[in-house]
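Structure assessment
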Amino acid sequence: MKKITTNSYEIRFSNDGYDYLNSLLSKKSYSKLFVIVDENTDKYCLEYFKSKTSLKPNVLKIKSGEKYKNLETCKEVWNNLTEMDADRMTLIINLGGGVITDMGGFIASTFKRGLDFINIPTTLLSMVDASIGSKTGINLNLLKNQIGLFSDPQLVIIDTNYLKTLNKREIKSGYAEIIKHCIISNSFFDDLIDRSSIHYNEDIIYNSIQLKNKIVSMDKLENNIRKNLNFGHTIGHAIESFYLNKEDKLLHGEAISIGMICESFISYKKTNFSLEIANKIKTHLNSIYPKINFNKNDLKEILSLMKYDKKNYLNNIRFSLLKEVGKVEIDVEIDEKLIMDSFDFYSN
Ligand code: GLY
């Protein structure tokens, strides 16, 4: 039986997760139970969840998509909780992808100064990344996760059956974080990098969660080693923000994939990362994700969004770069010219 124990909560897999939830419910005597879903998880995951637990929670449904990960949606849910008499002994269950686990955690942690919550990630992205590590938050206009807090769930349940409800594009989006974990930890890297298609299974998912948890256990508040997880994200988040209000959206993993290609090149220039491996990473990611053409104005806007990145301080853009596969250097200051050059590397 797979399980991962973090500093403060359990990550349980499949049926064991639901058994653990039941034991939690009998121990804690919660007054009320709410499950937060979006339009997709309401349709594709809620009935399955109920069948696994025999619970009859109150359901709070929000609109699907990163665009709705904002204060207006939180207000709507806080109002609903108030109208439905949620008190401090209420448990919130977040059933969904990264938007739901990030925002649901934030909603729970701030309502009446903090309700217990559990995460049941239904996407690959949320399983290997968003639901693990106690970050909760929402976007502020175009700025990703600008408002939020560190707050621990009571439990995370990983049930890969939910992945059957996803389309290929969503799966690929989550796969980008698996690749990132392989690159920064040098585990499974050689198995994956020469492939021209995605490859994941329960062991790879388990390994990915374990790797992230190991890092978070050492530095939950992201003062040092947790910044390793930001490889690909300084550029990736800015690209994702840039697309937030556009007709054609980019999914998180699609943006992070571009970020990892660009930042591999910057690593070659700044931290002696091998150009050969940077090219391998580029070839692998380009074989999976759509190629995007950026014009000069796009790049200017993306650069200005980078300036708001939470990793910056003293107005300098900071990167987590690779010295080699499995070794990251954090807080590296990079100038705008090199960032622009990295987009040439991506495009050619
Ligand atoms: N997604 C990066 C982190 O949780 O720190």
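Conventions we followed
What you see as residue numbers is a count from 1 along each chain, following the sequence as written. Where totals are concerned, whole chains, interfaces and linings use all residues; where local detail is concerned, this predicted model gives features only for residues with pLDDT of at least 70, and gives and counts side-chain atom pairs only at 80 or more. With hydrogens and water stripped out, all remaining heavy atoms of the structure feed into the side-chain values. Put simply, DSSP H or I for four residues or longer makes a helix, DSSP E for two residues or longer makes a strand, and each gets a number counted from the N terminus. Each residue gets one of three labels from its accessible area relative to the maximum for its type: buried under 20%, exposed over 50%, partly exposed in between, using a 1.4 Å probe on protein chains only. Polar contact criterion, stated in full: a pair of N or O atoms within 3.5 Å, where within protein one must be able to donate a hydrogen and the other to accept it, and residues adjacent in sequence count only if both atoms are side-chain atoms. Residues count as neighbours in contact if any of their non-hydrogen atoms are within 4.5 Å of one another. Any residue with a heavy atom lying within 4 Å of a molecule or strand is counted as near it. Computed with the Shrake-Rupley method and a 1.4 Å probe, the accessible areas treat only the protein chains shown as cover for residues. Residues were grouped as follows: Ala, Val, Leu, Ile, Met, Phe, Trp, Tyr, Cys and Pro as nonpolar; Asp, Glu, Lys and Arg as charged; and all remaining residues, including Gly, as polar. Two strands are counted as paired when DSSP detects at least two bridges linking them. Axes, fitted as lines to C-alpha atoms, cover a helix only where it is in contact. Angles between the N-to-C directions of the axes lie from 0 to 180 degrees. Ring pairs shown here join Phe, Tyr and Trp side chains whose ring centres sit within 6.5 Å, with only the six-membered ring taken for Trp; geometry is labelled stacked below 30 degrees between planes, edge-to-face above 60, and tilted in between. Should the NZ of a Lys or the CZ of an Arg lie within 6 Å of a ring centre and within 35 degrees of the ring normal, that charge is described as sitting over the ring. Oblique is the label for every angle not falling under 35 degrees (roughly parallel), over 145 degrees (roughly antiparallel), or within 65 to 115 degrees (roughly perpendicular). Helix crossings fall into two classes, left-handed where the near helix is turned counterclockwise from the far one by less than a right angle and right-handed where it is turned clockwise. In this description, the arc belongs to the directions extending from the helix axis to the C-beta atoms.

Quick look at the side chain of Ser173 now. Position of Ser173 among the secondary structure elements: in helix 7 (residues 168–185). The exposure class of Ser173 is buried, given its relative accessible area of 2%. A distance of 3.0 Å separates the side chain of Ser173 from the backbone nitrogen of Gly253, its partner in a polar contact. Once residues lying within four places of it in the same chain are set aside, the contact partners of Ser173 are Leu125, Leu251, His252, Gly253 and Tyr289.

Next up on the list: the site of the ligand. Near the ligand, the surroundings consist of Asp129, Lys135, Lys212, Glu222, Arg226 and Leu229. One nitrogen or oxygen atom from the side chain of Lys135 is found 2.8 Å from an oxygen atom belonging to the ligand. Arg226 places a side-chain nitrogen or oxygen 2.7 Å from an oxygen atom of the ligand. In isolation the ligand has 200 Å² of accessible area, and contact with the protein removes 89% of it. In terms of residue class, the shell around the ligand is built from one nonpolar, no polar and five charged.

Let us look at the sheet that holds strand 3 (residues 32–38). The seven strands are arranged 1-2-9-6-5-3-4 in an open sheet whose pairing can be described as mixed. The strands lining the two open edges of the sheet, one partner per strand, are strand 1 (3–5) and strand 4 (58–62). Strand after strand, the sheet turns through a mean of 15° between neighbouring axes, direction not considered. Note: strand 3 against strand 5 (residues 90–96), five bridges, orientation parallel. Paired with Lys32 across the strands is Thr90, a residue of strand 5. The sheet contacts of helix 5 (residues 98–110) involve strand 3, strand 4, strand 5 and strand 6 (116–121), and relative to strand 5 the element is tilted by about 165°.

Within this structure, the stated rule accounts for eight aromatic pairs. Taking the centre distance of 5.9 Å and the plane angle of 55° together, the rings of Phe265 and Tyr268 count as tilted. Of this pair, Phe265 and Tyr268 both sit in helix 11 (residues 252–270), three residues apart, roughly one helical turn. Taking the relative accessible area as the measure of exposure, Phe265 reaches 11% and is therefore buried. Overall, the relative accessible area of 31% leaves Tyr268 in the partly exposed class. By the ring-pair criterion, three or more aromatic residues cluster together here, those being Phe265, Tyr268 and Phe345. If you follow Lys246 out to its NZ or CZ, it ends over the ring of Phe242, 4.3 Å from the centre.

Here we take up the packing of helix 11 against helix 14 (residues 336–347). Where helix 11 contacts helix 14, the two axes come as close as 8 Å, and the packing angle between them is 120°. One way to sum up the angle between helix 11 and helix 14 is to call them oblique. When you trace helix 11 past helix 14, the crossing you get is right-handed. Contacts between helix 11 and helix 14 involve Ile258, Ile261, Cys262, Phe265, Ile266, Lys269 and Lys270 from the first element and Leu338, Ile339, Asp341, Ser342, Phe343, Phe345 and Tyr346 from the second.

All of the buried residues along helix 3 (residues 46–53) are Leu46, Phe49 and Thr53. Seen from one end, helix 3 has its buried residues packed into an arc of 60°, which puts them on one side. Turned more than 90 degrees away from the buried face of helix 3 sit Glu47 and Ser51, all of them exposed. In the core, the buried residues of helix 3 are packed alongside helix 1 (14–28), strand 3, helix 2 (39–44), strand 4, strand 5 and strand 6. Backbone geometry just after helix 3 places Ser54 at a positive phi near 55°.

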